[in-house]
Amino acid sequence: MADPTPQHVQSLLAAGMSCEHLQVEGDGRHFFATIVSTQFEGLSRIRRHQAVYAVLGERMREEIHALSMKTLTPAEWAATASTSQG
């Protein structure tokens, strides 16, 4: 089985959750995702990551060796964007 591409992981996430912003980078085994979703409102970081892992399911065991992620609400994303511009 070929290693998944960042685009493939991104399409899996986009199909499984509503995202305002989604970006996945990686080398086929290790990935980093920035995920902005209203689904994260009121959730701890652990619960947010669990929601992402639930979308990927068995792929986390079989295809994706490692996934680091930044999970943000739209308000958190906007605050991050405004502080990086200043």
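Residues numbered from 1 in each chain as written. Predicted model: local features only at pLDDT ≥ 70, side-chain atom pairs only at ≥ 80, totals over all residues. Heavy atoms only, no water.

A. A look at the pattern of salt bridges. Summed over all chains, the structure comprises 4 salt bridges. Notably, a salt bridge pairs Arg48 with Glu76, separated by 2.8 Å at the nearest N-O pair. In this pair, Arg48 is assigned in helix H2 (residues 45-56) and Glu76 in helix H4 (residues 74-85), connecting sequence segments 28 residues apart. Residue classification places Arg48 among the buried positions, given a relative accessible area of 8%. (Salt bridge = Lys/Arg side-chain N within 4 Å of Asp/Glu carboxyl O. Helix = DSSP H or I, 4+ residues; strand = E, 2+ residues; numbered from the N terminus. Buried < 20%, exposed > 50% of the residue type's maximum accessible area, 1.4 Å probe, protein only.)

B. Focus on the sheet that holds strand E3 (residues 66-72). Strand order across the open sheet formed by 3 strands is E1-E2-E3, with mixed pairing between neighbours. The sheet is open, and its two edges are formed by strand E1 (21-26) and E3, each paired on a single side. On average, each strand axis in the sheet is tilted by 10° relative to the strand beside it, whichever way the strands run. In this structure, E1 lies alongside strand E2 (residues 30-36), joined through 6 bridges in antiparallel fashion. Considered in E2, the bridge of Val24 is made with Ala33. Sheet strands touched by helix H1 (residues 6-16): E1 and E2. Its angle to E1, the strand with the most contacts, is close to 150°. (Pairing = 2+ DSSP bridges. Axes fitted to C-alpha atoms, helices over the stretch in contact; angles between N-to-C directions. Contact = heavy atoms within 4.5 Å.)

C. Representation of H1 in the model. For H1, the set of buried residues is Pro6, Val9, Leu12 and Leu13. Projected onto a plane normal to the axis of H1, the buried residues spread over an arc of 125° and lie on a single side. Structural note: H1 exposes Gln7 and Ala15 on the side pointing more than 90 degrees away from its buried face. (Arc of directions from axis to C-beta.)

D. Layout of H2. Taking 1.5 Å of rise per residue, the 12 residues of H2 would be expected to cover 16 Å, and the 17 Å separating its terminal C-alpha atoms lies within 8% of that figure. All of the buried residues along H2 are Arg48, His49, Val52 and Leu56. One face of H2 carries all of its buried residues, which in axial projection span an arc of 95°. Opposite its buried face, H2 presents the exposed residues Ile46, Arg47 and Ala54, each directed more than 90 degrees away. Two residues or fewer past H2, Gly57 is found with a positive phi of approximately 55°. (Expected span 1.5 Å × (residues − 1).)

E. Representation of the environment of Thr73 in the model. With respect to the element layout, Thr73 can be found in the loop between E3 and H4. For Thr73, a relative accessible area of 4% translates into the label buried. When the C-alpha atoms of Thr73 and Val36 are compared, they prove to be 5.4 Å apart, with 37 residues separating the residues in sequence. Contacts of Thr73, omitting those with residues within four sequence positions, involve Val36, Ser37, Phe40, Glu41 and Arg48.

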